[in-house]
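Chain by chain, the residues run as shown.
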Amino acid sequence: MSTATSTQTSSTECPSTESSTTAADPVLTREEAIAILAGPDSELPELLKRAGALRRKYKGNRVSIHLLTNARSGNCSQNCAYCAQSCRSKADIETYKWVDDKKLYDDNEFVHDHHLARHCIGLSGMGFSDDEIRELADRIRVMKKQGTHLCCSIGFLTEKQALMLKEAGLDRINHNLNSSRSYYHNICTTHTFDQRVNNIKMLQRLGFEICSGGIIGMGESHADVVDMLLELREIAPQALPINFLLPIPGTPLEHTDTSGLTTEYCLKVLCLARLMVPQTDLRCAAGREVYFKGREGELLRVVDSIFASGYLTAGGQGIKDTIQAIENAGYTYEIERSEEHTSEL
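All of these numbers come straight from a predicted model, not from anything done at the bench.

S.K.: I would appreciate a short explanation of the environment of Arg62 in the present structure.
M.R.: Tracing the backbone shows Arg62 in the loop between helix 3 (44-59) and strand 2 (64-72). On a C-alpha basis, the gap between Arg62 and Asp281 in space is 9.9 Å, while along the polypeptide they are 219 residues apart.

S.K.: Please clarify how the state of the cysteines should be interpreted in this entry.
M.R.: Throughout this description, disulfide means a covalent bond between two cysteine sulfur atoms. If you walk through the whole model with that rule in mind, you get 0 disulfides. Note on Cys87: no disulfide assigned, nearest cysteine sulfur contributed by Cys76 at a separation of 7.1 Å. Judged by its relative accessible area of 47%, Cys87 falls in the partly exposed class. Between Cys152, a cysteine without a disulfide, and Cys151, which holds the nearest cysteine sulfur, the sulfur-to-sulfur distance is 6.8 Å.

S.K.: When you look at the packing of aromatic side chains in this model, what are you seeing that I'm missing?
M.R.: In this description, a pair of aromatic rings is defined by centroid distance and the angle of the planes. Here the structure, examined in full by the defined rule, presents 3 aromatic pairs. Here Tyr184 and Phe193 contribute two aromatic rings whose centre-to-centre distance is 6.0 Å and whose plane-to-plane angle is 70°, an arrangement assigned as edge-to-face. For the pair formed by Tyr184 and Phe193, the shared burial category is buried. Ring centres of Phe244 and Tyr291 lie 6.3 Å apart, and the angle between their planes is 65°; this geometry places the pair in the edge-to-face category. With Phe244 in strand 8 (residues 239-244) and Tyr291 in helix 10 (residues 288-291), this residue pair connects regions lying 47 residues apart in the sequence. A relative accessible area of 9% means that Tyr291 is categorised as buried. Put simply, the rings of Phe244, Tyr291 and Phe292 pair up and form one aromatic cluster. A cation over a ring is seen here: Arg139 above Trp98, with NZ or CZ 4.4 Å from the ring centre.

Conventions adopted
Residues numbered from 1 in each chain as written. Predicted model: local features only at pLDDT ≥ 70, side-chain atom pairs only at ≥ 80, totals over all residues. Heavy atoms only, no water. Helix = DSSP H or I, 4+ residues; strand = E, 2+ residues; numbered from the N terminus. Disulfide = S-S within 2.5 Å. Buried < 20%, exposed > 50% of the residue type's maximum accessible area, 1.4 Å probe, protein only. Phe/Tyr/Trp six-rings, centres within 6.5 Å; stacked < 30°, edge-to-face > 60°. Lys NZ or Arg CZ within 6 Å of the ring centre and 35° of its normal.

See below:
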């Protein structure tokens, strides 16, 4: 989802338009990309330098902050192995068809009042009735009155339903690929990877901005990570969130070994994402507070987007602590609009 930003307080300045258009971006081959993930940690400083140059070229020193509201929770018909809301999850979570309107609108007001980049709204489930989409469209109209940038994560839509949301003012939809085409059947069998890609293509054809990324740490290989990023390079989403698995008790992946998710490896994945899809808003999503604690400075050299105040069914860093972490790393955040804001929280 898009930009609430961070400006580094060092003497580094955003490059001029001239300097940012003269050099062509590197185009990595599949083999080169796999070699980056498999390479020794001693190569990380040079990798951060390469990725950081692209981050500055396209995003300056901005860091966008996003707030996520779980608007519909649980009772999903899909069997995604990582998800606490799936049909095969036994996780102890709250379930509801619609979040209380006060919660939804209060979150939207919070995003507006604190100059955050975007309000992200997640709804569990694969499909929705036209009446449910009309209800959501009515809520979107209310929220858009404040001028808030919105993104909905909403499963699979018909073209008619997508146009209903577009008419209501929704401009961006999240639909993650989650893993590679060849590995996808290991995490979900109730729908296919191609269904996800086709849904994204339909939404792009209708003029929606796309937020699409994946999850790292589900047992996939280096090649799977690269293949997912190659697919995302073709999609060219406006935002690319990378989640690092937080095994949730009660889900099929609750006992997954995440020892391989070292901070160094996670940074390699994010650097690779920046090298392969350089112009996207690259977001470090779930797992940021666990896998990058104390390493925010390195993280923000590569990514330009983060969440605050939690994820769909997992807690996260509050907005005050998030802004403090940005400032401690030598950055300040600003909003997506033209004027700049620093934290007063």
